[in-house]
Amino acid sequence: MSEAVTTPMKRSKLLFMLRWFARLTILGLVLAVLVIAGVWLRYGPELPDTEVLRDVQLQSPLTIYSATGQVISVFGEKRRIPTAIEDIPEPLKQAFISSEDDRFYSHPGIDWQGITRAGLELIRTGQKGQGGSTITQQLARNFFLSSEKTYVRKIKEIMLALRIEREISKAEILELYLNKIFLGHRAYGVTAAAQVYYGKKPAELSIAQMAMIAGTVQRPSRVNPITNPAIAKSRRNYVLNRMLTLGHISDQQYQQAVAEPVSAFNHGTAIQVGAPYLAEMARRWALDTYGEGIYESGLKLITTIQADKQQAAQESLRTGLLDYDRRHGWRGPEDKVVLSEDATATIWLEALQNKLPVANLMPALVVDVDPELALLYLKDGQTIPLTLENMAWAQPQLSRDSRGPKPEQVDTVLQRGDIVRIRRDDEGIWQLAQIPEAQAALVSLEVNSGAILALVGGLDFDYSKFNRVTQALRQPGSSFKPFVYAAAIDAGYHPATVVNDAPVVFRGGGDIEAWKPQNFSRTFYGPTRLREAMVHSRNLISVRILEDIGIRAARDYISRFGFDQESLPENLSMALGSANLTPLDMVQGYAVLANGGYAVEAYWLTEVRDQDDRVVFAPAPVQHCDPCPVISQRAADEGEPLGNSDAQQREPLVLQTDAPDTAEPINDAAPSLTALPVSDQQQYGPPLPAYRPRVIEAPTAFLVRSMMADVVRRGTGVKAMQLGRQDLAGKTGTTNDQRDAWFSGYNSEIATSVWVGFDNFQPLGRTELGGQAALPIWIDYMRIALNDSPDPLPLMPVGVAQIWVDQETGELTEPGAPGAIREQVAANLLDQLRRREKLYDDEDIQVNPYEIF
């Protein structure tokens, strides 16, 4: 066949093939469109609305804050700190983009090159690989889909990514991603990861640390700098190399970053104020109020706790218990193990494995000892030497009230294999210690508002979660007497009233044994003025007073201080503090005396905020006022309660949900997590205060304070004079066999109660009175709590008069007469006193509402 014939045939065949190729291409495109349409029709209706991403509430833990914004505690599995994209440093964004999606700003949500690589991998190996997911795809998967590797999930992921890119900006996508992504060790988002791994904010991270965090994305539970630092470092260097290749860092920055050692360790939550007992109170309140969702709600509870006072309270309580414990001698090692001569550090560490620090008392293993020196191994690998000087206090405890001789050699105190406790003293020197067996509680209130300023419910919350401030029902002993004296003054007694301190027997009926109350000293002092009875805590006088005014009348009156009347005994033992009360009960009662007679209800919560920092609940404040605002004539005519009407109370804001805006407002004390939003028309602005009622008369509160001030100046609380203040008043308390030791006291701003005792009601020891065991804790705390605060003497209120009395008889006398002393009485008693004794003119009696006593 000639070449001329062959050429047209070839051309014809080529045209035929081109036409078929075009047809096949068109058919393929049609089929592709049909497949895509079919897929979209099949799975499109199942896809969630990406608009919810704009309103997404990232799951964050419940956080408890002090009054000034320091973190007290965090509750919840997920550590997340939502952060705006503008607050995330550029190099950190670049680290994630370089390692995860370097075409993030140019692709439409999916990276065709990555998908092609995944397809070729499937053809080559038959295995489904990572799939080249973009940041947008990862975001879609994290918010809406599971992480299972199936074709259906991948199809949905691609479809969602395309939709997200159409509807949300790149900056919004990156912000959601960097806040949502899991990065290991319960850290969700870059800010939480920076805190967990490095204890820093994102802006404080080095480039190497940023690359390390970005490198955890693929396998965060296994490849992170804590769990597997070597592999994590290799992954970090890969991220740094990608940043260098893409021009995000210079060669010098790269070299410096790859040379940086791995410095990460688990910083946990950045607790700034140690108040775990208060934090648990807050958690329980939130759980009861909002339900189980609190742990992922992002709620912020702002408390009344003041950081400096809380720290002082915790340190004072621990110091006081350690001092008590040392006074009663060395009880021996906490535990003991047998160590072979060739035992290694690995075996030493195993011996300490289950021993945790308690109140900064570190567990230590004695690995070597001789007469002059002991070597103790700590869990962090340190070996600490202790000499005889570091354990000079460790006389062996023979009983709660007796000790053996002082140690003369180290090896008489410690033996190889002993597990003991050591602590650093104020100078940083390690000392032998032991976990105190006794416990204590301290609570401090602002006396006018009732705000809890500091609260410590025990030695160490992790060691014992029992909150002795709110849960320990103990007898207050003589620290209860001020309430009995207040009842007596209200019934007509005054500080110069003379009561006979003499034996008395109260006979019971039938088989009931007669009761013979005693003074602590087992001595009787005869006729005694009420003031002196308070100063020296005379038991018999309190009993005689209560018998005179009547138990029923006294219980009614004393319940005004906030005590549940059912907790007050219906017998004369109430005069000696036999009621079962908590330290919180006691400090509330003392606050009434401190503020001049107004009711006090302790509180710890000031407001609740959501994770966007909007106030969702703020209890209306209840304030003490002196004088109170004048009520309007209209309100008086209508009987409207001052400052406490429904019209004045702010409806609590509630947490936002996806519910419609047609809901009714929530009127409960606090909203639930599922509560519906309140419209703007239903907001009444900040709540107006309600005012606390007066529960005892101002002269009564003043006169009791005057007597309690003498307790501090020259009585059982005289140690408090070391504070160098003139405005303090307080009272010690000790119960039978010294099972409880108390000191409660106050000035015009702060009331504080301290209790010390054993949870099992064992005796503290015969010398451990309130002034010995509890008062030093109170002093150490109040030294910080009242630092730089004014020190004025209280003004005499209207209704108090100053008179001259004979210090022996308590009768009126002339100024300058032998034994004449000044005294204060309620002015309404003047006529009664004049009738009893006409010794001087009325002008010698001073009734001055502004005179300082």
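A word on the overall build of the protein
What the protein contains, in helices and strands, is 22 helices and 26 strands. Of all 853 residues assigned to the protein, the portion counted as buried reaches 50%. Contacts in the protein between residues at least 24 apart in sequence constitute 70% of all its contacts with a sequence separation of at least 6. Total accessible area computed for the protein in this model is approximately 40,500 Å², and 52% of it derives from carbon and sulfur atoms.

Topic: helix α18 (residues 583-594)
The terminal C-alpha atoms of α18, which comprises 12 residues, lie 16 Å apart, in line with the 16 Å expected from a rise of 1.5 Å per residue. Within α18, 11 of the 12 residues are buried, which leaves it mostly tucked inside the rest of the structure. Within α18 the residues assigned to the buried category are P583, L584, M586, V587, Q588, G589, Y590, A591, V592, L593 and A594.

Details of the sheet that holds strand β24 (residues 750-757)
Spatial ordering of the open sheet is given by β15-β14-β24-β23-β22, a layout of five strands whose pairing is antiparallel. A strand with exactly one partner marks an edge of an open sheet, and here the two such strands are β15 (452-456) and β22 (729-734). On average, each strand axis in the sheet is tilted by 5 degrees relative to the strand beside it, whichever way the strands run. As judged from the eight bridges shared by strand β14 (residues 439-446) and β24, these two strands associate in the antiparallel manner.

Things to note about the nonpolar core
Counting 93 residues, the largest nonpolar core has L301 and I558 as its most contacted members. Once you skip the residues sitting within four places of it in the chain, L301 turns out to touch L62, T63, I64, Y65, A282, W285, A286, W604, L605, E607 and V608. Counting residues in each nonpolar core, the second largest holds 45 residues, with I85, I135, M210 and A232 among its members.

What about the environment of G298?
Position of G298 among the secondary structure elements: in the loop between α11 (276-290) and β5 (300-303). Placed 311 residues apart in sequence, G298 and R609 show a C-alpha to C-alpha distance of 8.5 Å. Residues in contact with G298, not counting those within four places in the same chain, are S60, P61, R609, D610 and Q611.

Some remarks on the confidence of the model for the protein
When pLDDT is averaged along the protein, the result is 83, and 80% of the positions lie at 70 or above. The model gives residues 630-685 a pLDDT under 50, and that stretch makes 91 contacts with residues more than four places away or in other chains.

Some remarks on a negative patch on the surface
A cluster of acidic residues, E341, D342, D368, D370 and E372, forms a negative patch on the protein surface. Inspection of the secondary structure assignment puts E372 in the loop between β7 (362-369) and β8 (373-377).

Some points on the sheet that holds strand β1 (residues 62-65)
With mixed pairing, five strands are arranged side by side in an open sheet as β2-β1-β5-β18-β19. The open sheet has two edge strands, β2 (71-75) and β19 (615-617), and neither has a second partner. Taking the axes of each pair of neighbouring strands and ignoring which way they run, one obtains an average angle of 25 degrees across the sheet. One ladder, built from two bridges, connects strand β18 (residues 605-609) with β19; its direction is antiparallel. Bridge assignment links V608 to a residue of β19, and that residue is F617. Along the sheet, α11 makes contact with β1, β2, β5, β18 and β19, crossing β2 at roughly 45 degrees.

Points about the pattern of salt bridges
The full count for this structure, using the stated rule, is 33 salt bridges. Here E437 ties to R400 by a salt bridge, and the two come within 3.7 Å at their closest N and O atoms. Linking E437 in the loop between β13 (430-433) and β14 with R400 in the loop between β10 (397-399) and β11 (402-403), this pair joins segments that are 37 residues apart in sequence. Salt bridges here are not isolated pairs; linked through shared partners, they connect R529, R531, E532, D710, R713, R714 and E823.

Some remarks on a nonpolar patch on the surface
On the surface, a nonpolar cluster with roughly 280 Å² of combined accessible area is contributed by L14, L15 and L18. Within the secondary structure layout, L15 lies in helix α1 (residues 3-43). Judged by relative accessible area, which is 43%, L15 ranks as partly exposed.

Overview of unusual backbone geometry
Although it is not a glycine, N360 sits at a positive phi angle of roughly 65 degrees. Locating N360 in the fold gives a position in the loop between α13 (345-352) and β7. One non-glycine residue with positive phi stands out, namely R522, at about 60 degrees. Position of R522 relative to the elements: it lies in the loop between β16 (498-501) and β17 (526-529).

Digging into the pairing of β16
Looking along a regular strand, one sees side chains alternate from face to face of the sheet. Residues V499 and D501 line the buried face of β16, whereas the alternating positions V498 and N500 sit on a face that is not buried. Where β16 lies against β17, four bridges are found, and the strand directions are antiparallel. Bridging from a neighbouring strand, V498 pairs with R529 of β17.

A word on the packing of aromatic side chains
The relation between two aromatic rings is expressed through the spacing of the ring centres and the mutual angle of the planes. Evaluated as defined, the whole model comprises 19 aromatic pairs. Ring centres of F480 and F563 lie 5.8 Å apart, and the angle between their planes is 45 degrees; this geometry places the pair in the tilted category. Taken together, the residues F480 in the loop between β15 and α14 (481-490) and F563 in the loop between α17 (551-558) and α18 connect sequence positions 83 residues apart. Here F480 matches F563 in class, with each residue buried. Members of the aromatic cluster, each reached through a chain of ring pairs, are F480, F483, Y557, F561, F563, Y590 and Y746. Against the face of F104 rests K170, its NZ or CZ located 4.6 Å from the ring centre. One Lys or Arg, R694, reaches over the ring of Y598 and ends 4.3 Å from the middle of that ring.

Rules used throughout
Residues numbered from 1 in each chain as written. Predicted model: local features only at pLDDT ≥ 70, side-chain atom pairs only at ≥ 80, totals over all residues. Heavy atoms only, no water. Helix = DSSP H or I, 4+ residues; strand = E, 2+ residues; numbered from the N terminus. Buried < 20%, exposed > 50% of the residue type's maximum accessible area, 1.4 Å probe, protein only. Contact = heavy atoms within 4.5 Å. Areas by Shrake-Rupley, 256 points an atom, 1.4 Å probe, with all protein chains shown as cover. Expected span 1.5 Å × (residues − 1). Pairing = 2+ DSSP bridges. Axes fitted to C-alpha atoms, helices over the stretch in contact; angles between N-to-C directions. Core = buried A, V, L, I, M, F, W, Y, C linked by side-chain atoms within 4.5 Å. pLDDT = per-residue confidence, 0-100. Patch = residues over 30% accessible without salt bridge, like charges linked within 9 Å, V, L, I, M, F, W, Y side chains within 5 Å. Salt bridge = Lys/Arg side-chain N within 4 Å of Asp/Glu carboxyl O. Lys, Arg positive; Asp, Glu negative; His and termini not counted. Charge placed at Lys NZ, Arg CZ, Asp CG, Glu CD. Phe/Tyr/Trp six-rings, centres within 6.5 Å; stacked < 30°, edge-to-face > 60°. Lys NZ or Arg CZ within 6 Å of the ring centre and 35° of its normal.

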